[in-house]
Amino acid sequence: MRITAADVLITSPGRNFVTLRITTEDGVTGLGDATLNGRELAVAAYLSEHVVPLLIGRDAHQIEDTWQYLYRGAYWRRGPVTMASIAAVDTALWDIKAKVAGLPLYQLLGGRSRRGCLTYGHASGAELPELFDSVRAHLEQGYRAIRIQTGVPGLGSVYGVASSANATAGAGGTTTRYDHEPARRSAVPVEEQWDTRAYLRHIPGVFEAVRNEFGPELPLLHDAHHRLTPIQAAKLGKSLEPYDLFWLEDVTPAENQAVLRRVREHTTTPLAIGEVFNTIWDYRELFEEQLIDYVRSPVTHAGGITGLRRIFDYAAVYQIKSGVHGPTDVSPVGLAAAIHLGVAIPNFGIQEYMKHSPETDELFRPGYSFADGLLIPGEEPGLGVDYDEVLAESFPYQAAYLPVNRLLDGSMHDW
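This one's a predicted model, so the numbers in the text were calculated from it and none came from an experiment.

Considering the pattern of salt bridges
- Evaluation of the coordinates by the stated rule reveals 22 salt bridges.
- The salt bridge partner of arginine 296 is glutamate 249, with a shortest N-O separation of 2.8 Å. Of this pair, arginine 296 sits in the loop between strand S11 (294–295) and helix H11 (304–316) while glutamate 249 sits in strand S9 (residues 247–249); the two residues are 47 residues apart in sequence, bridging distant segments of the chain.
- A residue is classified by how much of its surface remains accessible, and glutamate 249, at 0% relative accessible area, is buried.
- What emerges from the salt-bridge pattern is a single network uniting Glu249, Glu275, Arg296 and Glu352.

Put into structure tokens, the structure is as follows:
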């Protein structure tokens, strides 16, 4: 079954998405997510100019061979642009294979290991009353685990806090609350100030207040967004131990994997890392020395279902679980792929889930559902996601970037 077309589709229903649609000679289509927040056009160009020409005429059923061909054939391996492109191809081919088999994708991955994927939502607020309201709203929606992010005294805007000015400014000057991290539509990234000492003083009291308000049973998570040095990260993990976190995420940039030893030796707070990692080789030291507890890479940025399944199988040897990155800069195609993989793997941990905008869901029409804190894959063949190309024309690409941080002395923060 030969590939006859591969189309790179760019759209922006509130935020930018890049989608690859592969079509076979039999008219079967498959979708893959190639979105790379703030660098979408780089991936689109890589696909259009370097990958699509290589796909035409290939057998759509040869998923593993195509993965290896695209990875090895480029010579310049790894990296987010390359791996997001490979992920899009890989996911689209799995979508096609499952459609031809007449089965939902998870059946081709070994069938169900669970009914659905436990999720966590993002609650945030500039101050505690607003944070508490956000937690309650998420609990009312059915979430059974909550990520806690809050403003820091003295800082006007903090990445990941919905009420921050830079998080609420939308297109055309409109203002919308987000409990996720939207890229701000602008020609250049917004710059925010950061004060690590103020953050480290403030956060333990936030979790003490949340535990006092919502009790000991609710799983709580927190994301440090790579802002800390190893010793600062160790200090944070130790100070949060009394509040029994489900995990502490991205405490320090982990390109130097050895720094996690310093964190691990000082705290028993579970650690989650990897949303900026793209391949299995990024994890070797972290796995073999058991320096983390959860893998954060998404299908979209880690070489697709084939690439991420390898990472999870490797992690399982060391009793490390999945914790797939899943904000709304991963499209419904990428999220659907994560759900199908998550219900099949034995070492599933939790799935990040922020609901896409109504416009996004109308454009992609995902078949998965959310109930009782779980994301449940659809039963239709393939991924269970469509793409309305006509509607997509109503949402043209607009440049958008995540913020960058500067310290109070004006120097650029290394995160």
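Section: empty space enclosed by the protein
- The final tally for this structure, using the stated rule, is three cavities of 30 Å³ or more.
- As for the second largest cavity, its lining consists of Gln149, Thr150, Val152, Val158, Tyr159, Val161, Trp194, Tyr199, Ile203, His222, Asp223 and Arg227.
- Breaking the lining of the second largest cavity down by element, the ones donating at least two residues are strand S5 (146–150), helix H7 (196–214) and strand S8 (220–223).
- Its residues placed into classes, the lining of the second largest cavity shows seven nonpolar, three polar and two charged.

Describing the environment of proline 153
- Position of proline 153 among the secondary structure elements: in the loop between S5 and helix H6 (165–168).
- Note on proline 153: relative accessible area 53%, which makes it exposed.
- When the C-alpha atoms of proline 153 and leucine 220 are compared, they prove to be 22 Å apart, with 67 residues separating the residues in sequence.
- In this view, proline 153 contacts Ala198 and His202; residues no more than four positions away in its chain are not counted.

Focus: the nonpolar core
- Membership of the largest hydrophobic core comes to 114 residues, with the highest contact counts inside it found for Ile22, Val89, Ile148, Tyr199, Leu236, Leu260 and Phe287.
- Beyond its immediate sequence surroundings of up to four residues, tyrosine 199 is in contact with Val152, Trp194, His222, Asp223, Ala224, Leu228 and Leu236.
- Tyr120, Leu221, Tyr294 and Ile350 belong to the second largest nonpolar core, which has eight residues in total.

Regarding the layout of surface pockets
- Reported here for the largest pocket is a volume of approximately 1100 Å³.
- Residues of the lining of the largest pocket, tallied by class, amount to 15 nonpolar, ten polar and twelve charged.

Notes on unusual backbone geometry
- In the Ramachandran plot, aspartate 250 falls in the positive-phi region, its phi being about 45° despite a non-glycine side chain.
- Relative to the helices and strands, aspartate 250 is located in the loop between S9 and helix H9 (259–266).
- The class of aspartate 250 is buried, set by a relative accessible area of 1%.
- Positive phi outside glycine occurs at aspartate 372, with the angle close to 55°.

Rules behind the numbers
- For every chain, the first residue of its written sequence is number 1, and the numbers climb from 1 along that sequence.
- Two thresholds apply to this predicted model, a pLDDT of at least 70 for residue-level local features and 80 or more for giving and counting side-chain atom pairs, whereas whole-chain, interface and lining totals are computed over all residues.
- Remark: hydrogens and water are excluded; side-chain values derive from all non-hydrogen atoms of the structure.
- Each salt bridge in this description consists of a side-chain nitrogen of Lys or Arg and a carboxyl oxygen of Asp or Glu lying within 4 Å of one another.
- Per the convention used, a helix needs a DSSP run of H or I reaching at least four residues, while a strand needs a run of E reaching at least two, with both numbered from the N terminus.
- Exposure categories follow from relative accessible area, calculated using a 1.4 Å probe and restricted to protein chains: below 20% of the type maximum is buried, above 50% is exposed, and the middle band is partly exposed.
- Only protein atoms enter the 1 Å grid used here, on which a cavity is any set of points holding a 1.4 Å probe that cannot leave and a pocket is any open set flanked by protein within 12 Å on both sides along at least five of seven lines; residues with an atom within 4 Å of a point are listed as lining.
- Grid points are joined across faces, edges and corners, and a volume is the space filled by probe spheres set on the points.
- Amino acids outside the nonpolar list (Ala, Val, Leu, Ile, Met, Phe, Trp, Tyr, Cys, Pro) and the charged list (Asp, Glu, Lys, Arg) are all regarded as polar, and Gly is one of them.
- Between two residues, a contact is recorded if the distance between any of their heavy atoms is within 4.5 Å.
- As used in this record, nonpolar core signifies buried Ala, Val, Leu, Ile, Met, Phe, Trp, Tyr and Cys residues forming a set joined through side-chain atoms within 4.5 Å.

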